[in-house]
Amino acid sequence: MGSMSIPAILGVYEKQGIKDGAPNNVMKGPAFKTELATAYPDCRLVVTKETMTVEGMIKIVYELLKDKLNIVKLTFSSGVNLASEEYEPHLEVDRCPLCGIALNEDGVCPKCGYKKP
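## Details of unusual backbone geometry
Right, on to step 1. Within the chain, Arg44 stands out as a residue other than glycine whose phi angle is a positive 50°.
Right, on to step 2. Inspection of the secondary structure assignment puts Arg44 in the loop between strand 1 (37–40) and strand 2 (45–48).
Right, on to step 3. For Arg44, a relative accessible area of 35% gives the class partly exposed.

## As for the pairing of strand 1
Right, on to step 1. One ladder, built from four bridges, connects strand 1 with strand 2; its direction is antiparallel. When the bridges of strand 2 are listed, Ala39 appears paired with Val46.
Right, on to step 2. In textbook terms, the turn of a hairpin is the stretch between consecutive antiparallel strands, and for strand 1 and strand 2 this stretch comprises four residues, one of which, Arg44, has a positive phi near 50°.

## Focus on the pattern of salt bridges
Right, on to step 1. Under the defined criterion, the tally for this structure stands at five salt bridges.
Right, on to step 2. For Glu63, the salt bridge identified is with Lys66, shortest N-O distance 3.6 Å.
Right, on to step 3. A residue is classified by how much of its surface remains accessible, and Glu63, at 30% relative accessible area, is partly exposed.
Right, on to step 4. Salt bridges sharing partners connect three or more residues here, namely Lys19, Lys28 and Asp42.

## Some remarks on helix 1 (residues 6–15)
Right, on to step 1. Ile6, Ile9 and Tyr13 are the residues of helix 1 that are buried. Axial view of helix 1: buried residues confined to an arc of 65°, hence all on one face. Exposed and oriented more than 90 degrees from the buried face of helix 1 are Pro7, Glu14 and Lys15.
Right, on to step 2. In this structure, the buried side of helix 1 is in contact with strand 1 and strand 2.
Right, on to step 3. Downstream of helix 1 by one or two residues, Gly17 has phi in the positive range, about 75°.

## Here we look at the packing of aromatic side chains
Right, on to step 1. Tallied over the full model, the rule gives one aromatic pair.
Right, on to step 2. Residues Tyr62 and Tyr87 carry aromatic rings whose centres are separated by 3.8 Å and whose planes lie at 5° to one another, so their mutual orientation is stacked. Remark: Tyr87 occurs in the segment after strand 4 (81–86) and Tyr62 occurs in helix 2 (residues 54–65); sequence separation between them is 25 residues. Exposure class is identical for Tyr62 and Tyr87. Each is buried.

## What to know about the environment of Tyr62
Right, on to step 1. According to the relative accessible area criterion, Tyr62 is buried, its value standing at 17%.
Right, on to step 2. Distance in space between the C-alpha atoms of Tyr62 and Thr34 is 11 Å, their sequence separation being 28 residues.
Right, on to step 3. Dropping the residues within four chain positions of it, Tyr62 is found in contact with Ile71, Leu74, Tyr87 and His90.

Reading guide: rules and limits
- Residues numbered from 1 in each chain as written.
- Predicted model: local features only at pLDDT ≥ 70, side-chain atom pairs only at ≥ 80, totals over all residues.
- Heavy atoms only, no water.
- Helix = DSSP H or I, 4+ residues; strand = E, 2+ residues; numbered from the N terminus.
- Buried < 20%, exposed > 50% of the residue type's maximum accessible area, 1.4 Å probe, protein only.
- Pairing = 2+ DSSP bridges.
- Salt bridge = Lys/Arg side-chain N within 4 Å of Asp/Glu carboxyl O.
- Arc of directions from axis to C-beta.
- Contact = heavy atoms within 4.5 Å.
- Phe/Tyr/Trp six-rings, centres within 6.5 Å; stacked < 30°, edge-to-face > 60°.

Encoded structure:
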């Protein structure tokens, strides 16, 4: 990031009065820190160690979501650039036999109400 440090950049957001968003825009995403990216939601800022190409975005998204979702394929496109990556399924997910939706932690389908016996 050149000669400026992250705390200095975050300080600029605070001095400019944009740190916590505008009164009509107070939504913010979750804070996270992985090897590839760190989010500063108060400043709506994500600092990445990966180049923000379609390939880089695939790496960052997979790293963030691999333990929450059973990702088997990710595809990103930007203009004429397109990249896809396929992965082996690694999570066991109980699915509704009626509509295929993942059951919630209580074994109930959030779509149709099916309950695992």
